Amino acid sequence: MKLALRIAYDGTVFYGFQRQPGVRTVERELIRVLTKLKIIESPEENEFKGASRTDRGVSAFFNVVSFHPGERVDLARPDVLNHHLKDVWVLGVAEVPDEFHPRFWAKSKTYRYYLINEGFDLERVLECAKLFEGTHDFSAFSKLEPGRDPVREVISIRILPRNGYYIIEVKGKSFLWEMVRRIVNALRFCGLGLIGVEEVGKMLSGNYRKKIPPAPPENLVLWHIEYQGIEFKTDEKGLAKARREFFERYSRALTRAALFGDFLVEL
């Protein structure tokens, strides 16, 4: 038997998703609770795996972990887990095949970046976004790890206007380190006229001197992961709790950001 949990978390209070010595991470928080409740003995013994290793500061509303449960499988329920977890919420549970791996079984991942409107030229932003769609070498738009192929496919980029800000929605099959945040900054630079669309096209062709720096991580959310044939039984109480606590944490900041965005546009 193998279980998968759909989780959400506030990335601003963690040092990223992946376990690291001496710091608080999303994985460490989950493993702390799962071992405390004897749902697993250890991450190695119970094959604990995660779908996406989000960076420090990046939040998620749909990430996935899987494991083989131990003796207290009866406690692997959202209501029990959410009582013990802090800054992480379990939104759903699914029983999955033994060969399931949350990263390799993902058909696509969707990220959303909340970008304050600094008075962008929207046509330029849209034109620039189209360049990223398709399969490209993203060396100029990522922090490359040794041995990782820089070629990735971006399925779509959507620009969703809101009052004082934009939602930049990037959907792809897999992403490189800092790739989404660097794409967002490229769109921002294009919208402000700091770089031209032609320059972005050259960078995607491998012709560049400097890389685009990443946008700040706090505005990025892992929004959705698509799986074929895997259905998470949503826990409505857990979902309501996560929504309420996310709203309480970010409503004040969002209001200030929207006001600041209006000020920049009308200045």
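The rules behind each value
Residues numbered from 1 in each chain as written. Predicted model: local features only at pLDDT ≥ 70, side-chain atom pairs only at ≥ 80, totals over all residues. Heavy atoms only, no water. Axes fitted to C-alpha atoms, helices over the stretch in contact; angles between N-to-C directions. Helix = DSSP H or I, 4+ residues; strand = E, 2+ residues; numbered from the N terminus. Parallel < 35°, antiparallel > 145°, perpendicular 65-115°, else oblique. Left-handed = near helix turned anticlockwise from the far one by under 90°. Contact = heavy atoms within 4.5 Å. Core = buried A, V, L, I, M, F, W, Y, C linked by side-chain atoms within 4.5 Å. Buried < 20%, exposed > 50% of the residue type's maximum accessible area, 1.4 Å probe, protein only.

Helix α5 (residues 197–204) packs onto helix α3 (residues 122–132) with a crossing angle of 15° between their chain directions and a minimal axis gap of 10 Å. The angle between the axes of α3 and α5 places the two elements in the roughly parallel class. For the pair α3 and α5, the sense of crossing is right-handed. Residues R124, E127, C128, L131 and F132 of α3 form the contact with α5, whose own contacting residues are V197, V200, G201 and L204.

Let us look at the nonpolar core. If you look at the biggest cluster of nonpolar residues, it comprises 75 residues, and the most contacted ones within it are I7, F132, F141, I157, I168 and L187. For this core, the element with the most residues is helix α4 (residues 179–191), which contributes eight residues. Ignoring anything within four residues of it in the chain, the contact list for L187 reads V125, C128, A129, F132, I157, I159 and I168. In this structure, F61, V221, L239 and F246 belong to the second largest nonpolar core, which totals eight residues.

To continue, consider helix α1 (residues 26–36). Considered for burial, the residues of α1 that qualify are V26, E27, E29, L30, I31, V33 and L34. Contacts from the buried residues of α1 go to β1 (2–9), β3 (59–67), α2 (78–84) and β4 (88–96). The first or second residue beyond α1 is K38, which carries a positive phi of 65°.

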